[in-house]
Amino acid sequence: QVQLQESGPGLVKPSGTLSLTCAVSGGSISSSNWWSWVRQPPGKGLEWIGKIFHSGSTDYNPSLKSRVTISVDKSKNQFSLRLSSVTAADTAVYYCARELYSSALYYFDYWGQGTLVTVSS
Amino acid sequence: DIQMTQSPSSLSASVGDRVTITCRASQSISTSLNWYQQKPGKAPKLLIYAASSLQSGVPSRLSGSGSGTDFTLTISSLQPEDFATYYCQQTYIIPRTFGQGTKVEIK
C-alpha cells in the first residue's frame, strides 16, 4: 500500500517561496509512475500544479510554470515543490499524488492527506 | 487547456435515489477521464478511471460512461456515505484539468 505524506511550513510570507516535500512509502519513487502536486484553495476546486518522473523529467501547468520547480530525491524516496513569489492567491491545501500510468492511461490513485499553506505577513 | 464543465454544480437527493452527474470536455479526450470523490477535510479518492473502469474497492453502485467529450457518473442507489463532492479530471493532455465539482447533498 503506497502512502504519501506532505510536509513543510504552514505559513509563508508574501513574495516568499513555498517549499513542500512529499515522502513516499510502501513503494519506490523510481517505479514507472509520475508524481504530482495538486492544490485546492479554501472552498474551491482542484488545480494541477505539475508532475515529475524519477528521471527528473517534469511537466508544469503553464499558469504557474514561471514560478514552479518540482524536484525528486530518489535516495530519500521523496519529491518536492517550490513555488516562488507567492501571494495570498496561493493560499491552499497542497496535495501530492501518484499518477499511475497503465495501458496508455493516467490516473491519480494515491494521494497524500494534504497540507494547508497560508500566505500571510 | 482543456476545460472540463460539470453539471449540475450541486444537487439534493435522498438515500436510495439514482443520481447522475455529467462532465463535458471542451475538446475530445477519448476515454482519458477520471472521477474522484472528496469529503470535507479529506483528499480526493479515485472512483472511476478511463471513463468506465471501477477502481478496486469502489462499490458497484457507482458507474461511469462516455467517450470523446461527454461523460457521466451514475450512482444507482445513493447511500449515506455518498454525500460528498465529485470531480471529473482529464488526463489526455498537459495540463491536467479538473471540473469545478458537483456537491451531492442530503435532501
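What comes next concerns the included structure. Quick caveat: nothing in here was measured; it's all calculated off a predicted structure.

1. Digging into the interface of chain B and chain A
Here comes step 1: Listed by partner, the interface residues are 19 residues for chain B and 21 residues for chain A.
Here comes step 2: In total, about 1,600 Å² of surface goes out of reach between chain B and chain A, with carbon and sulfur atoms giving 64% of it.
Here comes step 3: Our count for the chain B to chain A interface comes out at one salt bridge.
Here comes step 4: For B:R96, the salt bridge is made with A:E99, and the minimal N-O distance between the two is 2.9 Å.
Here comes step 5: If you look at where chain B meets chain A, you find eight residue pairs in polar contact (both at pLDDT 80 or more).

2. Some words on the sheet that holds strand β8 (residues 70-75) of chain B
Strands in a sheet are paired, the pairing made by backbone hydrogen bonds, and the direction either parallel or antiparallel.
Residues and elements named next belong to chain B.
Here comes step 1: Judged by pairing direction, the sheet is antiparallel, and its four strands sit side by side in the order β1-β3-β8-β7 without closing on themselves. A strand with exactly one partner marks an edge of an open sheet, and here the two such strands are β1 (4-7) and β7 (62-67). Strand-to-strand, the axes of this sheet are offset by a mean angle of 15 degrees, without reference to chain direction.
Here comes step 2: Across four bridges, the pairing between β1 and strand β3 (residues 19-25) is antiparallel. Bridge pairing in β3 links S7 to T22.

3. What to know about the pairing of strand β9 (residues 85-90) of chain B
All names here are of chain B.
Here comes step 1: The element β9 is largely enclosed, with a buried count of six among its six residues.
Here comes step 2: Side-chain alternation along β9 places T85, Y87 and Q89 on one buried face and Y86, C88 and Q90 on a second face that is also buried.
Here comes step 3: Note that strand β4 (residues 33-38) and β9 share six bridges and pair antiparallel. Along β9, the bridge assignment pairs W35 with C88.
Here comes step 4: Here β9 runs beside strand β11 (residues 102-106); their pairing, made up of two bridges, is antiparallel. In the sheet register, Y86 faces β11, and the bridge partner there is T102.
Here comes step 5: The pairing of β9 with strand β10 (residues 97-98) spans two bridges and is antiparallel. Bridge pairing in β10 places Q89 opposite F98.
Here comes step 6: The antiparallel pairing of β9 with β10 creates a hairpin that spans six residues between the two strands.

4. Things to note about the state of the cysteines
Here comes step 1: Summed over the entire model, instances satisfying the criterion amount to two disulfides over all chains.
Here comes step 2: Bridging A:C22 to A:C96, the disulfide has an S-S length of 2.1 Å. A torsion of 65 degrees about the S-S bond marks the disulfide between A:C22 and A:C96 as right-handed. You can see A:C22 sitting in strand β3 (residues 18-25) and its partner A:C96 sitting in strand β9 (residues 92-102), a full 74 residues away along the chain.
Here comes step 3: The exposure class of A:C96 is buried, given its relative accessible area of 0%.
Here comes step 4: For B:C23, the disulfide goes to B:C88, at an S-S distance of 2.1 Å. Across the S-S bond of B:C23 and B:C88 the torsion is about 70 degrees, and the bridge reads as right-handed. Here B:C88 lies in strand β9 and B:C23 lies in strand β3, a separation of 65 residues in the sequence.
Here comes step 5: Here B:C88 falls in the buried class, since its relative accessible area comes to 0%.

About the cut-offs
Residues numbered from 1 in each chain as written. Chains lettered and ligands numbered in written order. Predicted model: local features only at pLDDT ≥ 70, side-chain atom pairs only at ≥ 80, totals over all residues. Heavy atoms only, no water. Contact = heavy atoms within 4.5 Å. Buried area = accessible area lost by both parts, 1.4 Å probe. Salt bridge = Lys/Arg side-chain N within 4 Å of Asp/Glu carboxyl O. Polar contact = N/O pair within 3.5 Å; in protein donor to acceptor, adjacent residues only side chain to side chain. Pairing = 2+ DSSP bridges. Helix = DSSP H or I, 4+ residues; strand = E, 2+ residues; numbered from the N terminus. Axes fitted to C-alpha atoms, helices over the stretch in contact; angles between N-to-C directions. Buried < 20%, exposed > 50% of the residue type's maximum accessible area, 1.4 Å probe, protein only. Disulfide = S-S within 2.5 Å.

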